[in-house]
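Letter by letter, the chains look like this.
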Amino acid sequence: MPHSPRTLLVNPTITSPSSARFPLSLLHLAAALDRTGESHIIDGNVDRDVVGETLRAMERTHFDAVGISVMGGPQIEPSIAVSKAIRERFPQTPIIWGGYFPTLYADTALAAPYVDYAIRGQGEESLPELIAALGRAEPDFAKIGSLSWKHDGAVVHNPNRRFSLGDSGIVLPYDKLGDPRRYLARTFLGRRTAAHQASIGCRFRCTFCGVAAMFGGTTALPAAARLERDLSYLKYELGADSIQFFDHNFFDREEDMIPLLEVMAKLEMPWWCYARSDALLNLSESSWKLVRKSRLRMAYIGAESPSGQMLKEIRKGTRPDQTLEVAELCRRHGVIPELSFMVAPPENTEEETQHTFEFIRELKRINPASEIIVYIYTPLPESSKHEKDRGKHPGMALLDLNGEPVIFPKTPEEWMEKRWVDYACHADAPWLTDELRRHIHDFVTVLRCRFPTVQDLRSPTWAKRSLSAMAAWRYRQRKYDRPWELNLANRLVRLRMPQVSGL
């Protein structure tokens, strides 16, 4: 009887327990692996001792390989820790990295002695093929799409696998998580918010975006029947009362969205999603009627910049006037626009930053309910772009404050350094002066105190109102610098920061 391969899937990411959401990528991989073998999931967001729990699982059961989902930023540290522990205790077990980090930095991932293989982009087909190949006496890794691997001391990158557009009818194995209800969270959407991903990818190719780098301008929307099946399970079986969509871009062409909106309108579960200003502006009144009935509460919209020239350079495909229009449109339809901006670009750094601050004030005037997220512009290196986009539309050379070229890390350990964690989190960049860095921080402090986010359920109403009143004069008179009284008050209130903690 042939051996049924077993794969251990690990999500090392560690958030606060209240922020734990379904590890959707691992659930999709588990469903694919279980067609020809077995899988087991360890989620570091719930199993807090992710290293110990992983080693204990491997002591109890033999696994043919371990797949680790790896994000950048602060999540890289636990990924390294669990990989090193596996390599030390079980040196013969293959370790496979997948997810955002190895997709963008495959060479960097494979520079580590504790990473044997890296899967770029989707893994539902590549990972089962790799597991099957590992079980053969003479494996042929060269035929596995989107696989990066080591051969005779060199790193080999197989061609990208064609993006899977078909609806496989896959049913996520939530039972592998123990009690899946523990992943339902209290948010401003409801008391039991579930995370879900309906579509995947994005057909736009913004040069700064990791999604474009992963999927190369391709997207796939689910069939309406599948969306209804999945959401009905979350609502009627698990008791979810609201949905946070992890789609890279939920709204696409209107004709494709109508069947999905009809499902959402039928279920009437308050929801949050990513969207584009042009897509929302192109919706007809009848579609907006469905949006209202579906109870869309908030849409995260990448406004990015008030500069039309910069939007062209990053291939955003939208215009600043559309950002202003969508703020007003959302106000009329009772949807909160959560608008994100990238400040401090490498060129015209201070001028563009100040321009963005004034644009944000105009947005707040048009729609005071608009939520504003401010990030530092930290573009991807050219080598991280999708293979179809490398060499096309190259950005300007990135230089630090000394005029020296920015050299990106070559190992996972280097990405653990604070300056690179901040870069990955869009919190700092090598070309920022101390003065501009402080000015951005002070502006954000005044803005978020003057307009506390509706997503903050922890801070008492009286405290948020008090902070808003304290910040009012600074905001009105544009006195952002050194808001010592707001910083002091914030130590007590600790307002929620959506750009750090999300929902």
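Everything here concerns the structure above.
Below you will find a few notes about this structure. (Residues numbered from 1 in each chain as written. Predicted model: local features only at pLDDT ≥ 70, side-chain atom pairs only at ≥ 80, totals over all residues. Heavy atoms only, no water.)

**Focus on the state of the cysteines**
Okay, so step 1: Within this structure, the stated rule accounts for zero disulfides.
Okay, so step 2: For the unlinked cysteine Cys 209, the closest cysteine sulfur is that of Cys 206, found at 5.9 Å. (Disulfide = S-S within 2.5 Å.)

**Brief notes about the packing of helix H17 (residues 461-477) against helix H18 (residues 484-493)**
Okay, so step 1: Remark: H17 packs on H18, axes separated minimally by 10 Å, with the N-to-C direction vectors making an angle of 170 degrees. Between H17 and H18, the angle is such that the two are roughly antiparallel. For the pair H17 and H18, contact is made by Ala 463, Leu 467, Met 470, Ala 471, Trp 473 and Arg 474 and by Trp 484, Glu 485, Leu 486, Ala 489, Asn 490 and Val 493, respectively.
Okay, so step 2: For the contact of H17 with H18, the per-class residue count stands at nine nonpolar, one polar and two charged. (Axes fitted to C-alpha atoms, helices over the stretch in contact; angles between N-to-C directions. Helix = DSSP H or I, 4+ residues; strand = E, 2+ residues; numbered from the N terminus. Parallel < 35°, antiparallel > 145°, perpendicular 65-115°, else oblique. Contact = heavy atoms within 4.5 Å. Nonpolar A, V, L, I, M, F, W, Y, C, P; charged D, E, K, R; others polar.)

**Describing the environment of Tyr 236**
Okay, so step 1: Inspection of the secondary structure puts Tyr 236 in helix H8 (residues 224-237).
Okay, so step 2: A relative accessible area of 57% means that Tyr 236 is categorised as exposed.
Okay, so step 3: In this structure the C-alpha to C-alpha distance between Tyr 236 and Gly 334, which are 98 residues apart in sequence, comes to 27 Å. (Buried < 20%, exposed > 50% of the residue type's maximum accessible area, 1.4 Å probe, protein only.)

**With respect to the packing of aromatic side chains**
Okay, so step 1: Taken as a whole and judged by the stated rule, the model has 28 aromatic pairs.
Okay, so step 2: Measuring from centroid to centroid gives 6.2 Å for Trp 97 and Phe 101, while their planes differ by 75 degrees, and the two rings are edge-to-face. The two residues Trp 97 and Phe 101 agree in class, both being buried.
Okay, so step 3: Here the aromatic residues Trp 97, Phe 101, Tyr 105, Tyr 114, Phe 408, Trp 415, Trp 420, Tyr 423 and Trp 431 are joined through ring pairs into a cluster of three or more.
Okay, so step 4: Geometry around Tyr 475 places Arg 361 over its ring, the cationic atom sitting 4.2 Å from the centre.
Okay, so step 5: Of note, Lys 364 hangs over the ring of Phe 451, and the distance from its end group to the ring centre comes to 4.0 Å. (Phe/Tyr/Trp six-rings, centres within 6.5 Å; stacked < 30°, edge-to-face > 60°. Lys NZ or Arg CZ within 6 Å of the ring centre and 35° of its normal.)

**Quick look at the sheet that holds strand E14 (residues 296-304)**
Okay, so step 1: As summarised here, the arrangement of the seven strands in space is E8-E9-E12-E13-E14-E15-E16, forming an open sheet in which the pairing is mixed. Of all the strands in the sheet, just strand E8 (185-187) and strand E16 (371-376) have a single pairing partner and so form its edges. For this sheet, the mean inter-axis angle between neighbouring strands, taken without regard to orientation, is 30 degrees.
Okay, so step 2: In the sheet, strand E12 (residues 242-245) pairs with strand E13 (residues 271-275) via two bridges, with the strands oriented parallel. (Pairing = 2+ DSSP bridges.)

**Quick notes on helix H13 (residues 320-333)**
Okay, so step 1: Taking 1.5 Å per residue as the helical rise, H13 with its 14 residues ought to reach 20 Å, and the 20 Å between its terminal C-alpha atoms agrees with that figure.
Okay, so step 2: Those residues of H13 that fall on the buried side of the exposure criterion are Pro 320, Gln 322, Thr 323, Val 326, Ala 327, Leu 329, Cys 330 and His 333.
Okay, so step 3: Elements that come into contact with the buried residues of H13 comprise helix H10 (277-281), helix H11 (285-294), E14, helix H12 (308-313), strand E15 (336-343) and helix H14 (349-366).
Okay, so step 4: Phi turns positive, to about 75 degrees, at Gly 334, one or two residues after H13. (Expected span 1.5 Å × (residues − 1).)

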